[in-house]
Amino acid sequence: MGAASAALGSRPGHRCGGGGPGDHGDRAGEAGPPSSAASESGARVLLAAASHVERRPVGSGRYWYVEEHLGSFHKIPGEEYTIDVRSEQRYWTSTDENTYWSQYLDSGARPATKADEVAWRADGSPMSWKLSDAPDETVTYAGRGEIEHDAPGGKADSGPYGEVPLRLLPTLPTDTKALRERLFALVDKDHNGPKRVLDRIVVNSAIELATSLPSSPALRAAAYRLLAAEPGVRSLGDVKDHTGRAGHAVALPSPYASAPELRLIFDKSTGMPLGTETVATRSGDGAREGETLSYTTITSMQWTDEAPPFDTDTPDPGPETPSDRRDGPSRCARAVHGGGTSCARGGTTSGSTGSRQLHLTRS
């Protein structure tokens, strides 16, 4: 469960992070100390988003559908440029049956910024990169397309990873104080830890309610208000997400020194979430303080009657290799702060905050 404590600002109109060549600017934001004014304006942003989102109509449909584009930034060993390793995740949740479908795609990698593209071309424009000595740490420009899909009842089951069971969503209160108390009670029941750790899990649960789960407008608004009450939440001003959509961003504080900072991006007119980012709070591990480490862009979040396009799992990939046995049935990267986990049977995962599925292999 990580989060960040350093305060990193963002220029008004600045894109949070970086994307493909020609699409985004510098990955670094401006660092600056936290202030009471920034904290006050951060709370105001979330409260305004809550007011907008609770006026949205209550949706209906057989499935809650979410589509996310994920990315993580990796400096190429021995070279002077960074690539954006991209993926896409789609998931469908049937709340009536409490069942879950997911699809994970490798979208390929690209130089992260215009400057990185220049350095990539000077390197001969390679179409693949080996990120480490691990056998499955090679990524390609083209990507591999679909990595896997999972349907209920198959050999490998996936489900939304988090602290809030779907069946309990209709029972959660929409009063902010009552919601915090209920979430704390749920967390306290399942975790044995000090109060400050349990409080952090409550915040993670509120982020899930705000950004991914099929919350009602009133419940999503209550989650925003819970986050607005967090000490030190800061406004980052007007930003653009990784698809160029205009929004407003806030940064959430953390008691954990050196852990990446989480930023939430909202549509200013509707209050709905556009995505999240993690940002380095210190230099090291190939990143500079203030640089974007990973991002999730929410491109669709809605109720639908359209069924998932598959009803069976991806065909079994075959016998385990020695690497598979060493790494386990799936490679999972715990998301910093956001409470998500990205898991795949092979290849490089983004480790981005928006990946919220856990794969379980049936024995």
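These numbers come from a predicted model, not from an experiment. (Residues numbered from 1 in each chain as written. Predicted model: local features only at pLDDT ≥ 70, side-chain atom pairs only at ≥ 80, totals over all residues. Heavy atoms only, no water.)

## Regarding the overall build of the protein
In plain terms, the rule: Starting at the N terminus, helices and strands are each numbered in turn, a helix being any DSSP run of H or I of at least four residues and a strand any DSSP run of E of at least two. Contact between two residues is taken to exist if any of their heavy atoms lie within 4.5 Å; hydrogens are not considered.
Helix and strand content of the protein: 6 helices and 16 strands. In the protein, once contacts between residues fewer than 6 apart in sequence are set aside, the share between residues at least 24 apart is 65%.

## Quick notes on the nonpolar core
Within soluble globular proteins, side chains that are nonpolar generally end up buried alongside one another. For clarity, the cut-off: Among the buried residues, those of types Ala, Val, Leu, Ile, Met, Phe, Trp, Tyr and Cys that are joined through side-chain atoms within 4.5 Å form a nonpolar core. Relative accessibility under 20% of the residue-type maximum defines a buried residue, over 50% an exposed one, and the middle range a partly exposed one, all with a 1.4 Å probe and only protein chains included.
Counting 45 residues, the largest nonpolar core has L169, L172, L179, L183, L209, L227 and L264 as the members making the most contacts within it. Breaking this core down by element, the ones donating at least two residues are α1 (36-53), β2 (63-75), α3 (176-190), α4 (195-211), α5 (217-228), β10 (246-252), β11 (261-266) and β13 (292-304). Other than its neighbours up to four places away in sequence, L227 contacts L46, V203, A206, I207, A210, V233, L252 and L264. Listed in part, the 10 residues of the second largest apolar core include I83, A109, W129 and L131.

## A short note on the pairing of β13
What counts is decided by this rule: The pairing criterion for strands is at least two bridges between them, as found by DSSP.
In this sheet, β13 lies alongside β2 in antiparallel orientation, the contact comprising 10 bridges. Bridged to L70 within β13 is T296. Note that strand β12 (residues 273-279) and β13 share 5 bridges and pair antiparallel. Paired with T276 across the bridge in β13 is T296.

## What to know about the pairing of β2
In terms of burial, β2 is largely enclosed, as 10 of its 13 residues are buried. Of the pairings in the sheet, the one linking β2 to strand β3 (residues 82-94) comprises 12 bridges and is antiparallel in character. Counterpart to E68 in the pairing with β3 is Q89. Linking β2 to β3, which pair antiparallel, is a turn of 6 residues; within it G78 sits at a positive phi near 80°.

## Here we look at helix α2 (residues 114-122)
Stated precisely, the cut-off is as follows: It is the directions from the helix axis to the C-beta atoms whose arc is reported.
Every buried residue of α2 is accounted for by D116, E117, A119 and W120. Angularly, the buried residues of α2 cover 165° about the axis, an arc narrow enough to put them on a single face. Summarising the geometry of α2, the exposed residues directed more than 90 degrees from the buried face are K114, A115, V118 and A122. On the buried face of α2, the contacting elements are β3, β4 (99-111) and β5 (128-130). Among the residues trailing α2, G124 stands out with phi positive, at a value near 95°.

## What to know about the pattern of salt bridges
Here is the rule we go by: By salt bridge we mean one thing: a side-chain nitrogen of Lys or Arg within 4 Å of a carboxyl oxygen of Asp or Glu.
Scanning the entire structure with this criterion turns up 12 salt bridges. Salt-bridge contacts for E67 lead to R90; the nearest nitrogen and oxygen are separated by 3.9 Å. Highlighted residues: E67 in strand β2 and R90 in strand β3, separated in sequence by 23 residues. Judged by relative accessible area, which is 22%, R90 ranks as partly exposed.

## Details of the environment of S51
Along the chain, S51 turns up in helix α1. Judged by its relative accessible area of 27%, S51 falls in the partly exposed class. Residues S51 and T270 lie 219 residues apart in sequence; the distance between their C-alpha atoms is 9.1 Å.

## Some remarks on the packing of aromatic side chains
For the record, the criterion: When the centres of two rings from Phe, Tyr and Trp lie within 6.5 Å, Trp using its six-membered ring, the rings pair. Their planes under 30 degrees apart give stacked, over 60 give edge-to-face, and anything left gives tilted.
What the rule picks out here adds up to 8 aromatic pairs. Ring geometry for Y63 and W101: centres 5.5 Å apart, planes at 85°, overall edge-to-face. Linking Y63 in strand β2 with W101 in strand β4, this pair joins segments that are 38 residues apart in sequence. Residues Y63 and W101 agree in their burial class; the two are buried.

## Quick look at the packing of α3 against α5
Defined as follows: Only C-alpha atoms enter the line fits that serve as axes; for helices the fit covers just the stretch in contact. Angles between N-to-C directions range over 0 to 180 degrees. In this scheme, roughly parallel covers angles under 35 degrees and roughly antiparallel covers those over 145, while 65 to 115 is roughly perpendicular and the rest are oblique. Polar here means any residue outside two lists: the nonpolar Ala, Val, Leu, Ile, Met, Phe, Trp, Tyr, Cys and Pro, and the charged Asp, Glu, Lys and Arg; Gly therefore counts as polar.
Two numbers describe how α3 lies on α5: the axes approach to 9 Å, and their chain directions differ by 85°. Here α5 runs roughly perpendicular to α3, going by the angle between their axes. Facing α3, whose interface residues are T176, L179, R180 and L183, α5 presents L219, A222, A223, R225 and L226. Looking at the contact of α3 with α5 residue by residue, the class counts come to 6 nonpolar, 1 polar and 2 charged.

## Some remarks on the packing of α4 against α5
Describing two packed helices takes the angle between their axes plus the distance from one axis to the other. The criterion, for reference: It is the rotation of the near helix from the far one that decides the hand of a crossing: anticlockwise by less than a right angle makes it left-handed, clockwise makes it right-handed.
Interaxial distance between α4 and α5 falls to 8 Å at its minimum, and their mutual angle equals 140°. It follows from the interaxial angle that α4 and α5 lie oblique. Crossing hand, α4 versus α5: left-handed. Across the interface between the two elements, V202, V203, A206, I207, L209, A210 and T211 of α4 pack against L219, R220, A223, Y224, L226 and L227 of α5. Each residue belonging to the contact of α4 with α5 can be placed in one class, and the counts come to 11 nonpolar, 1 polar and 1 charged.

## Concerning the environment of G71
Tracing the chain through its elements places G71 in strand β2. Its relative accessible area of 0% is what places G71 among the buried residues. Taking the C-alpha atoms as reference, G71 lies 6.3 Å from S87; in sequence the two are 16 residues apart.

## Focus: the side chain of S215
Residue placement: S215 occurs in the loop between α4 and α5. Residue contacts for S215: discarding those within four places in its chain leaves L209 and R220.

Remember, this is a structural readout, not a statement about activity or role.
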